[in-house]
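Listed below are the residues making up each chain.
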Amino acid sequence: MAKKAVLLVNLGSPESPSVPDVRRYLREFLGDERVLDIPAPLRWLLLEGIILRTRPKRSAHAYASVWTPEGSPLVLTSRHVRQKLAGRVPVPVALAMRYGQPSIATVLADLAADGVDDILLFPQYPHYAMSSWETVVAKVFAEARKLSPIPRLTVVQPFYADPGYIDALVASARPYLENKYDHILFSYHGLPARHLREADSSHAHCLRVDNCCEVCSPAHATCYRAQIMRTTRAFAARAGLDPARWSVSFQSRLAGEPWLEPYTDHELVRLPAEGKKNLVVITPAFTADCLETLEEIRMAGRDMFLAAGGESFTHIPCLNEHPAFIDFLASRVRAWVENGSPEAVSSSC
(Lines give C-alpha, C1' and ligand atoms only; values in the text may rest on other atoms or scores of the structure.)
Protein backbone atom coordinates (compact mmCIF):
# COMPACT_ATOMS: atom_id res chain seq x y z
CA MET A 1 0.00 0.00 0.00
CA ALA A 2 1.27 3.48 -0.92
CA LYS A 3 2.52 5.71 1.87
CA LYS A 4 1.24 9.25 1.35
CA ALA A 5 2.60 12.64 2.39
CA VAL A 6 2.03 16.31 1.55
CA LEU A 7 4.82 18.61 0.42
CA LEU A 8 4.28 22.35 0.87
CA VAL A 9 6.71 24.52 -1.08
CA ASN A 10 7.20 28.27 -0.78
CA LEU A 11 9.75 30.71 -2.16
CA GLY A 12 12.48 30.62 0.47
CA SER A 13 14.81 33.05 2.18
CA PRO A 14 18.47 33.71 2.91
CA GLU A 15 19.87 31.92 5.95
CA SER A 16 20.47 35.30 7.55
CA PRO A 17 20.38 38.99 6.55
CA SER A 18 24.18 39.03 6.20
CA VAL A 19 25.57 40.14 2.85
CA PRO A 20 27.25 36.76 2.09
CA ASP A 21 24.05 34.81 2.85
CA VAL A 22 21.93 37.20 0.81
CA ARG A 23 24.39 36.98 -2.09
CA ARG A 24 24.24 33.17 -1.97
CA TYR A 25 20.45 33.25 -1.95
CA LEU A 26 20.21 35.74 -4.82
CA ARG A 27 22.64 33.67 -6.88
CA GLU A 28 20.33 30.66 -6.58
CA PHE A 29 17.11 32.64 -7.00
CA LEU A 30 18.12 34.87 -9.92
CA GLY A 31 20.15 32.05 -11.47
CA ASP A 32 16.89 30.17 -12.06
CA GLU A 33 16.22 30.11 -15.81
CA ARG A 34 12.51 30.63 -15.15
CA VAL A 35 13.16 33.81 -13.13
CA LEU A 36 15.77 35.42 -15.37
CA ASP A 37 14.75 33.72 -18.58
CA ILE A 38 17.64 34.81 -20.77
CA PRO A 39 20.39 32.66 -22.33
CA ALA A 40 22.61 31.13 -19.66
CA PRO A 41 25.80 33.03 -20.64
CA LEU A 42 23.96 36.37 -20.50
CA ARG A 43 22.30 35.42 -17.22
CA TRP A 44 25.70 34.62 -15.71
CA LEU A 45 27.19 37.89 -16.93
CA LEU A 46 24.24 39.88 -15.62
CA LEU A 47 24.33 38.16 -12.24
CA GLU A 48 28.04 38.03 -11.61
CA GLY A 49 28.98 41.21 -13.42
CA ILE A 50 26.24 43.56 -12.23
CA ILE A 51 23.52 42.32 -9.86
CA LEU A 52 25.64 40.42 -7.34
CA ARG A 53 28.13 43.26 -7.10
CA THR A 54 25.62 45.76 -5.74
CA ARG A 55 22.26 44.23 -4.86
CA PRO A 56 23.25 41.92 -1.95
CA LYS A 57 24.20 44.87 0.25
CA ARG A 58 20.93 46.70 -0.44
CA SER A 59 18.87 43.54 -0.05
CA ALA A 60 20.67 42.59 3.17
CA HIS A 61 19.63 45.92 4.68
CA ALA A 62 16.02 45.27 3.61
CA TYR A 63 16.04 41.73 5.03
CA ALA A 64 17.47 43.01 8.31
CA SER A 65 14.52 45.38 8.65
CA VAL A 66 12.02 42.47 8.67
CA TRP A 67 14.13 39.75 10.32
CA THR A 68 12.83 38.33 13.60
CA PRO A 69 14.79 36.86 16.53
CA GLU A 70 13.68 33.43 15.28
CA GLY A 71 14.72 34.09 11.68
CA SER A 72 13.02 34.75 8.34
CA PRO A 73 9.32 35.71 8.60
CA LEU A 74 8.49 33.69 5.49
CA VAL A 75 10.19 30.53 6.74
CA LEU A 76 8.78 30.86 10.25
CA THR A 77 5.23 31.37 9.00
CA SER A 78 5.59 28.45 6.61
CA ARG A 79 6.71 26.22 9.49
CA HIS A 80 3.68 27.24 11.52
CA VAL A 81 1.38 26.51 8.56
CA ARG A 82 2.98 23.08 8.12
CA GLN A 83 2.55 22.31 11.81
CA LYS A 84 -1.08 23.41 11.94
CA LEU A 85 -1.97 21.59 8.73
CA ALA A 86 -0.29 18.42 9.99
CA GLY A 87 -2.64 18.50 12.97
CA ARG A 88 -5.66 18.57 10.67
CA VAL A 89 -4.95 15.84 8.11
CA PRO A 90 -4.33 12.07 8.30
CA VAL A 91 -0.98 12.10 6.44
CA PRO A 92 2.46 13.60 7.18
CA VAL A 93 3.13 17.15 5.99
CA ALA A 94 6.61 18.27 4.91
CA LEU A 95 7.90 21.73 4.02
CA ALA A 96 10.53 22.79 1.49
CA MET A 97 11.69 26.04 -0.06
CA ARG A 98 12.36 26.57 -3.76
CA TYR A 99 15.50 28.52 -2.88
CA GLY A 100 17.51 28.19 0.30
CA GLN A 101 16.73 25.77 3.12
CA PRO A 102 15.13 23.34 3.66
CA SER A 103 15.83 22.42 0.04
CA ILE A 104 13.47 20.43 -2.14
CA ALA A 105 16.14 17.79 -2.79
CA THR A 106 16.79 17.23 0.92
CA VAL A 107 13.13 17.05 1.89
CA LEU A 108 12.28 14.63 -0.93
CA ALA A 109 15.19 12.41 0.10
CA ASP A 110 13.94 12.44 3.70
CA LEU A 111 10.43 11.49 2.58
CA ALA A 112 11.80 8.65 0.46
CA ALA A 113 13.88 7.41 3.41
CA ASP A 114 10.64 7.28 5.44
CA GLY A 115 9.05 5.09 2.77
CA VAL A 116 6.81 7.77 1.26
CA ASP A 117 6.03 6.97 -2.37
CA ASP A 118 2.89 9.03 -3.04
CA ILE A 119 3.23 12.82 -2.63
CA LEU A 120 0.77 15.68 -2.93
CA LEU A 121 2.78 18.71 -4.06
CA PHE A 122 1.09 21.88 -2.82
CA PRO A 123 2.87 25.01 -4.17
CA GLN A 124 1.98 27.95 -1.94
CA TYR A 125 1.25 30.18 -4.93
CA PRO A 126 -2.41 30.89 -5.79
CA HIS A 127 -1.62 31.99 -9.36
CA TYR A 128 0.34 30.49 -12.24
CA ALA A 129 3.59 32.11 -13.26
CA MET A 130 6.65 30.59 -14.86
CA SER A 131 8.81 32.23 -12.19
CA SER A 132 6.79 30.97 -9.20
CA TRP A 133 4.34 28.06 -9.52
CA GLU A 134 5.99 26.49 -12.56
CA THR A 135 9.55 26.59 -11.26
CA VAL A 136 8.46 24.85 -8.04
CA VAL A 137 6.75 22.07 -9.96
CA ALA A 138 9.64 21.65 -12.40
CA LYS A 139 12.19 21.49 -9.57
CA VAL A 140 10.22 18.94 -7.55
CA PHE A 141 9.78 16.67 -10.57
CA ALA A 142 13.48 17.00 -11.49
CA GLU A 143 14.60 16.06 -7.98
CA ALA A 144 12.03 13.26 -7.68
CA ARG A 145 13.40 11.63 -10.84
CA LYS A 146 16.72 11.17 -9.02
CA LEU A 147 15.09 8.92 -6.41
CA SER A 148 14.59 5.20 -6.63
CA PRO A 149 11.82 4.32 -6.72
CA ILE A 150 10.46 7.53 -8.20
CA PRO A 151 7.52 8.68 -6.05
CA ARG A 152 4.14 9.35 -7.53
CA LEU A 153 3.46 13.10 -7.62
CA THR A 154 0.08 14.81 -7.68
CA VAL A 155 0.17 18.60 -8.08
CA VAL A 156 -2.34 21.08 -6.71
CA GLN A 157 -3.11 23.45 -9.54
CA PRO A 158 -3.22 27.25 -9.01
CA PHE A 159 -6.15 27.88 -6.67
CA TYR A 160 -6.83 31.53 -7.53
CA ALA A 161 -10.58 30.98 -8.05
CA ASP A 162 -11.32 28.35 -5.40
CA PRO A 163 -14.19 29.56 -3.18
CA GLY A 164 -12.35 28.25 -0.12
CA TYR A 165 -9.32 30.36 -0.93
CA ILE A 166 -11.46 33.45 -1.63
CA ASP A 167 -13.38 32.92 1.61
CA ALA A 168 -10.07 32.68 3.50
CA LEU A 169 -8.81 35.90 1.92
CA VAL A 170 -11.97 37.75 2.83
CA ALA A 171 -12.05 36.34 6.36
CA SER A 172 -8.45 37.44 6.96
CA ALA A 173 -9.13 40.91 5.53
CA ARG A 174 -12.53 41.56 7.11
CA PRO A 175 -11.30 43.23 10.35
CA TYR A 176 -9.23 45.72 8.33
CA LEU A 177 -12.11 46.55 5.98
CA GLU A 178 -14.31 47.61 8.91
CA ASN A 179 -12.19 50.74 9.43
CA LYS A 180 -12.51 53.95 7.47
CA TYR A 181 -10.80 53.94 4.07
CA ASP A 182 -11.06 55.74 0.75
CA HIS A 183 -9.56 53.08 -1.48
CA ILE A 184 -8.30 49.49 -1.53
CA LEU A 185 -5.25 48.70 -3.64
CA PHE A 186 -4.67 45.07 -4.63
CA SER A 187 -0.90 44.92 -5.13
CA TYR A 188 0.36 41.80 -6.90
CA HIS A 189 3.91 40.78 -7.65
CA GLY A 190 4.88 42.03 -11.10
CA LEU A 191 5.95 40.07 -14.16
CA PRO A 192 7.51 41.08 -17.46
CA ALA A 193 4.68 41.53 -19.97
CA ARG A 194 6.66 39.20 -22.23
CA HIS A 195 6.03 36.31 -19.81
CA LEU A 196 2.29 36.50 -20.46
CA ARG A 197 2.77 36.27 -24.20
CA GLU A 198 5.19 33.37 -23.83
CA ALA A 199 2.83 31.45 -21.54
CA ASP A 200 -0.03 31.79 -24.06
CA SER A 201 0.17 28.58 -26.11
CA SER A 202 -2.16 30.08 -28.74
CA HIS A 203 0.12 33.13 -29.19
CA ALA A 204 -3.05 34.98 -30.11
CA HIS A 205 -4.78 36.04 -26.90
CA CYS A 206 -2.82 37.39 -23.93
CA LEU A 207 -2.06 41.11 -24.39
CA ARG A 208 -3.16 40.74 -28.02
CA VAL A 209 -6.97 40.76 -27.65
CA ASP A 210 -8.79 43.80 -26.27
CA ASN A 211 -9.81 43.16 -22.65
CA CYS A 212 -8.01 39.82 -22.90
CA CYS A 213 -8.47 38.99 -19.22
CA GLU A 214 -12.25 39.40 -19.50
CA VAL A 215 -12.59 37.34 -22.71
CA CYS A 216 -12.71 33.65 -21.74
CA SER A 217 -9.85 31.69 -23.29
CA PRO A 218 -7.91 28.46 -22.67
CA ALA A 219 -4.89 30.79 -22.38
CA HIS A 220 -6.14 31.80 -18.93
CA ALA A 221 -4.95 28.44 -17.55
CA THR A 222 -1.41 29.86 -17.70
CA CYS A 223 -2.13 33.59 -17.63
CA TYR A 224 -1.03 35.26 -14.41
CA ARG A 225 -2.84 38.51 -15.12
CA ALA A 226 -6.17 36.84 -15.94
CA GLN A 227 -5.90 34.77 -12.78
CA ILE A 228 -5.12 37.68 -10.47
CA MET A 229 -8.08 39.55 -11.95
CA ARG A 230 -10.31 36.53 -11.22
CA THR A 231 -9.08 36.56 -7.62
CA THR A 232 -9.64 40.30 -7.27
CA ARG A 233 -13.14 40.31 -8.74
CA ALA A 234 -14.14 37.30 -6.64
CA PHE A 235 -12.81 38.97 -3.50
CA ALA A 236 -14.57 42.24 -4.30
CA ALA A 237 -17.87 40.44 -4.88
CA ARG A 238 -17.56 38.30 -1.76
CA ALA A 239 -16.60 41.28 0.43
CA GLY A 240 -19.18 43.60 -1.15
CA LEU A 241 -16.64 46.21 -2.25
CA ASP A 242 -17.69 49.35 -4.08
CA PRO A 243 -16.26 49.00 -7.65
CA ALA A 244 -15.20 52.65 -7.57
CA ARG A 245 -13.07 52.14 -4.47
CA TRP A 246 -10.60 49.45 -5.47
CA SER A 247 -7.93 48.93 -8.13
CA VAL A 248 -5.06 46.62 -9.05
CA SER A 249 -1.34 47.32 -9.35
CA PHE A 250 1.96 45.43 -9.67
CA GLN A 251 5.07 45.67 -7.51
CA SER A 252 8.68 44.41 -7.49
CA ARG A 253 9.69 45.03 -11.10
CA LEU A 254 13.19 44.98 -12.57
CA ALA A 255 14.48 47.55 -15.03
CA GLY A 256 15.16 46.75 -18.66
CA GLU A 257 11.80 45.83 -20.22
CA PRO A 258 8.06 46.53 -19.84
CA TRP A 259 6.40 44.90 -16.82
CA LEU A 260 2.72 44.63 -16.00
CA GLU A 261 1.16 47.99 -15.19
CA PRO A 262 0.14 50.07 -13.33
CA TYR A 263 3.12 50.01 -10.99
CA THR A 264 2.39 50.01 -7.28
CA ASP A 265 4.93 52.71 -6.44
CA HIS A 266 3.35 55.01 -9.03
CA GLU A 267 -0.11 54.33 -7.61
CA LEU A 268 1.04 55.14 -4.08
CA VAL A 269 1.90 58.63 -5.31
CA ARG A 270 -1.10 59.06 -7.62
CA LEU A 271 -3.87 58.03 -5.21
CA PRO A 272 -3.34 60.79 -2.60
CA ALA A 273 -3.29 63.37 -5.40
CA GLU A 274 -6.78 62.16 -6.35
CA GLY A 275 -8.02 62.68 -2.80
CA LYS A 276 -7.75 59.01 -1.76
CA LYS A 277 -5.83 59.67 1.41
CA ASN A 278 -6.90 56.71 3.54
CA LEU A 279 -5.54 53.63 1.82
CA VAL A 280 -5.78 49.89 2.45
CA VAL A 281 -3.34 47.63 0.58
CA ILE A 282 -3.74 43.87 0.22
CA THR A 283 -1.17 41.53 -1.38
CA PRO A 284 -2.98 38.32 -2.41
CA ALA A 285 -0.20 36.88 -4.61
CA PHE A 286 1.65 35.96 -1.42
CA THR A 287 0.25 33.44 1.07
CA ALA A 288 2.87 34.35 3.70
CA ASP A 289 4.29 37.74 4.58
CA CYS A 290 7.82 38.18 3.29
CA LEU A 291 10.29 40.85 2.17
CA GLU A 292 8.00 42.02 -0.64
CA THR A 293 5.03 42.56 1.65
CA LEU A 294 6.71 43.64 4.87
CA GLU A 295 9.54 45.87 3.66
CA GLU A 296 8.39 46.89 0.18
CA ILE A 297 4.74 47.56 1.04
CA ARG A 298 4.25 47.88 4.81
CA MET A 299 7.41 49.97 5.34
CA ALA A 300 8.65 51.63 2.14
CA GLY A 301 5.18 51.77 0.56
CA ARG A 302 3.67 53.38 3.61
CA ASP A 303 6.42 56.02 3.71
CA MET A 304 5.94 56.74 0.01
CA PHE A 305 2.16 57.11 0.35
CA LEU A 306 2.35 59.39 3.39
CA ALA A 307 5.08 61.52 1.79
CA ALA A 308 2.79 61.99 -1.22
CA GLY A 309 0.04 63.43 0.99
CA GLY A 310 -1.72 60.32 2.26
CA GLU A 311 -3.13 60.35 5.78
CA SER A 312 -3.51 56.72 6.79
CA PHE A 313 -2.03 53.53 5.34
CA THR A 314 -3.07 49.99 6.28
CA HIS A 315 -1.46 46.83 4.93
CA ILE A 316 -3.61 43.74 5.36
CA PRO A 317 -1.39 40.82 6.41
CA CYS A 318 -1.13 37.84 4.10
CA LEU A 319 -3.09 34.70 4.88
CA ASN A 320 -0.16 33.40 6.91
CA GLU A 321 -1.55 30.87 9.42
CA HIS A 322 -5.10 32.24 9.53
CA PRO A 323 -7.53 29.47 10.55
CA ALA A 324 -9.57 29.90 7.34
CA PHE A 325 -6.44 29.31 5.25
CA ILE A 326 -5.57 26.19 7.22
CA ASP A 327 -9.17 25.05 6.66
CA PHE A 328 -8.73 25.54 2.92
CA LEU A 329 -5.41 23.66 2.78
CA ALA A 330 -6.83 20.82 4.88
CA SER A 331 -9.89 20.48 2.63
CA ARG A 332 -7.67 20.02 -0.42
CA VAL A 333 -5.47 17.46 1.33
CA ARG A 334 -8.42 15.45 2.62
CA ALA A 335 -9.97 15.41 -0.87
CA TRP A 336 -6.73 13.94 -2.21
CA VAL A 337 -6.51 11.34 0.53
CA GLU A 338 -10.15 10.29 0.16
CA ASN A 339 -10.76 10.67 -3.56
CA GLY A 340 -7.33 10.72 -5.19
CA SER A 341 -7.69 14.31 -6.41
CA PRO A 342 -7.17 17.59 -4.54
CA GLU A 343 -9.08 19.65 -7.11
CA ALA A 344 -12.27 20.75 -5.41
CA VAL A 345 -13.56 23.03 -8.17
CA SER A 346 -12.78 23.93 -11.74
CA SER A 347 -10.82 27.15 -12.23
CA SER A 348 -11.92 27.58 -15.84
CA CYS A 349 -13.42 30.93 -16.80
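Residues numbered from 1 in each chain as written. Predicted model: local features only at pLDDT ≥ 70, side-chain atom pairs only at ≥ 80, totals over all residues. Heavy atoms only, no water.

**Remarks on the overall build of the protein chain**
Counted only if it meets this: Put simply, DSSP marks the helices as runs of H or I at least four residues long and the strands as runs of E at least two long, and each gets a number from the N terminus on. Throughout this description, buried means an accessible area under 20% of the type-specific maximum (1.4 Å probe, protein chains only), exposed means over 50%, and partly exposed covers the range between. The contact definition used throughout considers only heavy atoms, calling two residues in contact when any of these lie within 4.5 Å. For accessible areas, the Shrake-Rupley method is used with a probe of radius 1.4 Å. Any residue's cover is judged against the shown protein chains and nothing else. The positive count covers Lys and Arg only, the negative count covers Asp and Glu only, and His and the chain ends enter neither. Charge positions come from single atoms, namely NZ of Lys, CZ of Arg, CG of Asp or CD of Glu.
Tallying secondary structure elements over the protein chain gives eleven helices and eight strands in all. Oriented by its inertia axes, the alpha-carbon framework of the protein chain measures out at about 65 × 50 × 45 Å. Every one of the 349 residues in the protein chain was classed for burial, and the buried ones make up 53%. Expressed as a percentage of contacts within the protein chain between residues at least 6 apart in sequence, the contacts between residues at least 24 apart total 75%. When the accessible surface of the protein chain is summed, it comes to about 15,400 Å², and 55% of that surface belongs to carbon and sulfur atoms. In the protein chain, which carries 38 positive and 38 negative side-chain charges, the distance between the mean positions of the two groups comes to 1 Å.

**Quick notes on the environment of Val137**
One can find Val137 in helix H5 (residues 130-144). By relative accessible area, which is 13% here, Val137 ends up buried.

**Points about the pattern of salt bridges**
Here is the rule we go by: Only one rule defines a salt bridge in this text: a Lys or Arg side-chain nitrogen within 4 Å of an Asp or Glu carboxyl oxygen.
Applying the stated rule across the entire model yields 23 salt bridges. The salt bridge involving Arg34 is made with Glu33; its shortest N-O contact spans 3.7 Å. Look at Arg34 and you get partly exposed, because its relative accessible area is 23%. Classification of Glu33 by relative accessible area gives partly exposed; the value is 48%. Taken together, the shared-partner salt bridges connect Asp37, Arg194, Glu198 and Glu257 into one network.

**Looking at the packing of helix H1 (residues 19-30) against helix H2 (residues 40-66)**
To keep it simple, the criterion reads: Axes here refer to lines fitted to C-alpha atoms; in helices the fit is confined to the stretch in contact. Angles between the N-to-C directions go from 0 to 180 degrees. By the definition adopted for this analysis, an angle is roughly parallel if under 35 degrees, roughly antiparallel if over 145, roughly perpendicular if from 65 to 115, and oblique otherwise. Handedness of a crossing follows from how the near helix is turned relative to the far one, being left-handed for an anticlockwise turn of less than a right angle and right-handed for a clockwise one. Note that Gly is not counted as nonpolar here; it falls among the polar residues with everything else outside the nonpolar set of Ala, Val, Leu, Ile, Met, Phe, Trp, Tyr, Cys and Pro and the charged set of Asp, Glu, Lys and Arg.
Running from amino to carboxyl end, H1 crosses H2 at an angle of 135°, the nearest separation of the two axes being 8 Å. The orientation of H1 relative to H2 falls into the category oblique. Of the two elements, H1 crosses H2, and the hand of that crossing is right-handed. Between H1, through Val19, Val22, Arg23, Tyr25, Leu26, Arg27 and Leu30, and H2, the contact on the second element is made entirely by Arg43, Leu47, Glu48, Ile51, Leu52, Arg55, Pro56, Lys57, Ser59, Ala60 and Tyr63. Classifying every residue of the contact of H1 with H2 by side-chain character gives eleven nonpolar, one polar and six charged.

**Regarding the packing of aromatic side chains**
What counts is decided by this rule: Only rings of Phe, Tyr and Trp enter the pairing, Trp through its six-membered ring, and a pair is recorded when the two centres are within 6.5 Å. The plane angle decides the type: under 30 degrees is stacked, over 60 is edge-to-face, the rest tilted. Either the NZ atom of lysine or the CZ atom of arginine qualifies as a charge over a ring when it sits within 6 Å of the ring centre and within 35 degrees of the ring normal.
This model, assessed by the stated rule, comprises 14 aromatic pairs. With 5.9 Å between their ring centres and 50° between their planes, Phe305 and Phe313 make a pair best called tilted. Seen in terms of ring centroids, Phe325 and Phe328 are 6.4 Å apart; in terms of plane orientation they differ by 20°. Their pairing is stacked. Of this pair, Phe325 and Phe328 are both found in helix H11 (residues 323-339), three residues apart, which corresponds to roughly one turn of the helix. Overall, Phe325 belongs to the buried group, its relative accessible area being 1%. Chaining the aromatic ring pairs together yields one cluster made of Tyr25, Phe29, Tyr63, Trp67 and Tyr99. Directly above the ring of Trp336 sits Lys4, whose terminal nitrogen or CZ lies 4.5 Å from the centroid.

**A short note on a nonpolar patch on the surface**
For clarity, the threshold we go by: Nonpolar side chains (Val, Leu, Ile, Met, Phe, Trp, Tyr) within 5 Å and like charges within 9 Å form the patches, drawn only from residues with over 30% relative accessible area and no salt bridge.
The grouping of Leu42, Trp44 and Leu45 at the surface amounts to a nonpolar patch, some 350 Å² of accessible area in total. Tracing the backbone through its elements, the reader meets Leu45 in helix H2.

**Section: the nonpolar core**
Soluble globular proteins tend to bury their nonpolar side chains together. Our working rule: As used here, the term nonpolar core means buried Ala, Val, Leu, Ile, Met, Phe, Trp, Tyr and Cys residues forming a set that is joined through side-chain atoms within 4.5 Å.
Membership of the largest hydrophobic core comes to 106 residues, with the highest contact counts inside it found for Leu7, Phe235 and Leu241. Per element, the largest residue contribution to this core is eight residues, and it comes from H11. Other than its neighbours up to four places away in sequence, Leu241 contacts Leu177, Tyr181, Ile184, Phe186, Phe235, Ala236 and Trp246. Formed by eight residues, the second largest nonpolar core is a distinct cluster that contains Leu268, Leu271, Leu279 and Phe305.

**Quick notes on the sheet that holds strand E3 (residues 118-123)**
This is how it is decided: Any two strands between which DSSP finds at least two bridges are classified as paired.
Taken together, four strands build an open sheet; the order of strands is E2-E1-E3-E4 and the sheet is parallel. Pairing within the sheet leaves two strands with one partner each, and these edge strands are strand E2 (93-99) and strand E4 (152-155). Adjacent strand axes in the sheet meet at a mean angle of 30°, parallel and antiparallel pairs treated alike. Alignment of E3 against E4, held across four bridges, turns out to be parallel. Bridge pairing in E4 places Leu120 opposite Thr154.

**So, the sheet that holds strand E6 (residues 246-251)**
The strands making up a sheet associate through backbone hydrogen bonding, with each pair oriented either parallel or antiparallel. Taken in spatial order, the four strands of this open sheet run E6-E5-E7-E8, and their pairing is parallel. Where the open sheet ends on each side, the last strands, each with one partner, are E6 and strand E8 (312-316). Shown here is a sheet whose adjacent strand axes are inclined to one another by a mean of 25°, direction ignored. With four bridges joining them, strand E5 (residues 183-189) and strand E7 (residues 278-282) adopt parallel strand pairing. Each bridged residue has a counterpart across the sheet, and for Ile184 the counterpart in E7 is Val280. Each of E5, E7 and E8 is contacted by helix H6 (residues 163-177), which is oriented at about 165° to E8, the strand it contacts most. The sheet strands contacting helix H9 (residues 264-273) are E5, E6, E7 and E8, and the helix crosses E5 at an angle near 165°.

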